[in-house]
Amino acid sequence: MYLSNESMLVILFVGLVAGWLAGQIMRGGGFGLIGDLIVGLVGAFIGDWLLPQLHIHVGGGIIALIFNALIGAIVLLLLIRLIHGGGYGYGYRWRRRW
C-alpha cells in the first residue's frame, strides 16, 4: 500500500483533531500533541471497526473521518478509564505529587 505525503498529512491531522476533541470531552483538557495524536489514531481504528458493526454510516469527507475517529477515541478513553479504575486517571495523580 502506498501513502502519499498528502494522505499521511490528512491521517495525522484527523488523528490530532479527534484526539484533542476526545480529550476535551472526556477529561476537560488535552493530552499534549503526541498523546492527542496517539489517542486519535488508535480511536480512528476503533471507530472504523465499531461504527460499521453498529450499522452506523456517517458518510464521506474529512468531517466524517474526524467524527468517526472521535467516536473511536471516546470509546478508547472510556475503556482506559474502566480498566484503570476511573477517577482523574494516572496522569492527574502523577502531576499532583509533583
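Rules of the game
In this numbering scheme, every chain counts its residues from 1 along its sequence in written order. pLDDT decides what is reported in this predicted model: residues at 70 or higher carry local features, side-chain atom pairs at 80 or more are listed and counted, and totals for whole chains, interfaces and linings draw on all residues regardless. Values shown for side chains rest on all heavy atoms present in the structure; no hydrogens or waters enter the calculation. Counting from the N terminus, the helices are DSSP H or I runs at least four residues long and the strands are E runs at least two residues long. The cut-offs for exposure are 20% and 50% of the maximum accessible area for each residue type, with area from a 1.4 Å probe on protein chains only; residues under the lower value are buried, those over the upper are exposed, and the others partly exposed. Note on contacts: a residue pair qualifies if any of its non-hydrogen atoms lie within 4.5 Å across the two residues. As used in this record, nonpolar core signifies buried Ala, Val, Leu, Ile, Met, Phe, Trp, Tyr and Cys residues forming a set joined through side-chain atoms within 4.5 Å. Working convention: axes come from line fits to C-alpha atoms, limited for helices to the stretch in contact. Angles between N-to-C directions cover 0 to 180 degrees. Small angles under 35 degrees read as roughly parallel and large ones over 145 as roughly antiparallel, with 65 to 115 read as roughly perpendicular and the rest as oblique. The classification used treats Ala, Val, Leu, Ile, Met, Phe, Trp, Tyr, Cys and Pro as nonpolar, Asp, Glu, Lys and Arg as charged, and all other residues, Gly among them, as polar. The span one expects for a helix is its residue count, reduced by one, times 1.5 Å. What pLDDT expresses is the predictor's confidence in each residue, scored from 0 to 100.

Visitor: Would you mind going over the overall build of the chain with me for this structure?
Guide: When helices and strands are counted, the chain shows four helices and zero strands. The helix and strand sequence of the chain, counted from the amino end, reads α-α-α-α. Counting the 98 residues in the chain, one finds 26% classified as buried. A separation of at least 24 residues holds for 67% of the contacts in the chain among residues at least 6 apart in sequence.

Visitor: Explanation requested: the nonpolar core in the structure shown.
Guide: Soluble globular proteins tend to pack their nonpolar side chains together in the buried interior. With eight residues, the main nonpolar core is built from Ala22, Met26, Val39, Leu70, Ala73, Ile74, Leu76 and Leu77. Those elements giving two or more residues to this core turn out to be helix 1 (5–26) and helix 3 (62–84). The element best represented in this core is helix 3, accounting for five residues. Residues in contact with Leu77, not counting those within four places in the same chain, are Ala22, Gly23, Met26, Phe31 and Val39.

Visitor: Could you clarify how one ought to interpret the packing of helix 2 (residues 32–53) against helix 3 in this entry?
Guide: For any two helices packed against each other, the geometry comes down to the angle between their axes and how far apart the axes lie. Contact geometry of helix 2 with helix 3 gives a least axis separation of 6 Å together with a crossing angle of 105°. If you check the angle between helix 2 and helix 3, you find them roughly perpendicular. Together, Val39, Gly40, Val42, Gly43, Ala44, Ile46, Gly47, Asp48, Leu50 and Leu51 of helix 2 and Asn68, Ala69, Ile71, Gly72, Ala73, Val75, Leu76 and Leu77 of helix 3 make up the contact between the two elements. Residues of the contact of helix 2 with helix 3, tallied by class, amount to twelve nonpolar, five polar and one charged.

Visitor: Looking at this structure, I do not really get helix 3. What am I missing?
Guide: For an α-helix the count is 3.6 residues per turn, leaving residues at separations of three or four pointing the same way. Helix length check: helix 3 (23 residues) gives 32 Å between terminal C-alpha atoms against 33 Å at 1.5 Å per residue, within 8%. What helix 3 keeps buried is the set Ala64, Ile66, Asn68, Ala69, Leu70, Gly72, Ala73, Ile74, Leu76 and Leu77.

Visitor: Looking at this model, I keep getting lost on unusual backbone geometry. Mind explaining?
Guide: With glycine set apart, most residues show a phi of negative sign, and most peptide bonds adopt trans. Phi at His55 is positive, roughly 60°, even though this residue is not glycine. Residue position: His55 is located in the loop between helix 2 and helix 3. For His55, a relative accessible area of 67% translates into the label exposed.

Visitor: Can you walk me through the environment of Phe45 in this structure?
Guide: Position of Phe45 among the secondary structure elements: in helix 2. Residue class for Phe45 comes out exposed when judged on its relative accessible area of 65%. Put simply, Phe45 and Gly72 are 27 residues apart on the chain and 7.1 Å apart in space, counted from C-alpha to C-alpha.

Visitor: Whenever I open this one, the confidence of the model for the chain confuses me. Can you help?
Guide: A low pLDDT means the predicted coordinates there should not be read in detail. A residue-level look at the chain finds 79% of positions with pLDDT of 70 or above and a mean pLDDT of 80. Long-range and interchain partners of residues 93–98, a stretch whose pLDDT sits below 50, account for three contacts in this model, where long-range means more than four residues apart.

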